[in-house]
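So you can see what is in the structure, the chains are spelled out below.
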Amino acid sequence: MPETASSEPLSALFLDDDSDVLAAAELVLTRHGFVMKAAQSPEEAETLLAAHDFEALLLDLNFRRGDTSGEAGLAFLRRHMADRPHIPVVVVTGHSGMNIAIEAMRIGAQDFVVKPWNNDRLLASLRAAIEHPRAVAAPPPRDLNLERSERDLIRLALERHQFNISQAAKDLGLTRAALYRRMEKHGL
């Protein structure tokens, strides 16, 4: 049974507009030790994501009956990866096709499962996403000016070490003399 070190059950959010799919998933997941919350719209999912800590997100790519383009789900996935890249995503789709599922993987989804799913496949994919999430790249610096970025990093290291030059230099990978020169250069 998948559980954390504190033996609390793992939690997942499933976003799908079909209540029957959500009920079936909840049955499977709760039988295997997960806690599942269900959302039937992107807005409901955003509210739940803001209120709870989830270990994973299961995501359908189509939220309106008859829509098979996957565009709404891909848009939600893009926003999710920008806002919460640490929560792994498993796409669960039935109508969008392989090209859309592959596009979801390119955006950042960890895996995909095709509806109707095999319970063992769904559980294995969810567990793998939680136990071995993709590495999340650090966001690029907001200011790409090298001089200002260097000055800000030096200032941050100095503050972090209560202006202990030796510790700040070590943290920055510099010698004390090199840090002094750069501090002088930046007027610090």
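Everything quoted here is computed from the prediction, not taken from an experiment.

A. Looking closely at the overall build of the protein chain. Broken down by element type, the protein chain carries 8 helices and 5 strands. The order of α-helices and β-strands along the protein chain, N terminus first, is β-α-β-α-β-α-β-α-β-α-α-α-α. For a compact globule of 188 residues, the expected C-alpha radius of gyration is about 16 Å, and the protein chain comes in at 22 Å, more than 25% above that figure. If one aligns the C-alpha atoms of the protein chain with their principal axes, the spans along those axes are about 65 × 40 × 25 Å. Considering only contacts in the protein chain between residues 6 or more positions apart, those separated by 24 or more positions represent 59%.

B. Structural context of the packing of aromatic side chains. Scanning all chains against the criterion turns up 1 aromatic pair. Here Phe14 and Trp117 contribute two aromatic rings whose centre-to-centre distance is 6.3 Å and whose plane-to-plane angle is 40°, an arrangement assigned as tilted. With Phe14 in strand β1 (residues 10-15) and Trp117 in the loop between β5 (111-114) and α5 (119-131), this residue pair connects regions lying 103 residues apart in the sequence. Each of the two residues, Phe14 as well as Trp117, counts as buried.

C. Region of the structure containing helix α6 (residues 146-160). With 15 residues, α6 extends 21 Å from end C-alpha to end C-alpha; this agrees with the ideal 21 Å at 1.5 Å per step. If you check which residues of α6 are buried, you get Glu150, Ile154, Ala157 and Leu158. Each buried residue of α6 sits inside an arc of 100° when the element is viewed along its axis, so together they form one side. In this fold, the buried residues of α6 make contact with α7 (165-172) and α8 (176-185). Gln162 sits one or two residues past α6 and shows a positive phi near 50°.

D. Layout of the sheet that holds strand β2 (residues 34-39). Pairing in this open sheet of 5 strands is parallel, and the strands run β2-β1-β3-β4-β5 from one edge to the other. Only two strands of the sheet have a single neighbouring strand rather than two, namely β2 and β5. On average, each strand axis in the sheet is inclined to that of its neighbour by 20°, with strand direction left out of account. Where strand β3 (residues 56-59) lies against strand β4 (residues 89-93), 3 bridges are found, and the strand directions are parallel. In the sheet register, Leu57 faces β4, and the bridge partner there is Val89. Strand contacts of helix α1 (residues 19-31): β1, β2 and β3, with the helix running at about 170° to β2, the strand carrying the most contacts.

What counts, and at which threshold
- Residues numbered from 1 in each chain as written.
- Predicted model: local features only at pLDDT ≥ 70, side-chain atom pairs only at ≥ 80, totals over all residues.
- Heavy atoms only, no water.
- Helix = DSSP H or I, 4+ residues; strand = E, 2+ residues; numbered from the N terminus.
- Rg over C-alpha atoms; globule rule 2.2 N^0.38 Å.
- Contact = heavy atoms within 4.5 Å.
- Phe/Tyr/Trp six-rings, centres within 6.5 Å; stacked < 30°, edge-to-face > 60°.
- Buried < 20%, exposed > 50% of the residue type's maximum accessible area, 1.4 Å probe, protein only.
- Expected span 1.5 Å × (residues − 1).
- Arc of directions from axis to C-beta.
- Pairing = 2+ DSSP bridges.
- Axes fitted to C-alpha atoms, helices over the stretch in contact; angles between N-to-C directions.

Nothing here speaks to function; it is geometry throughout.
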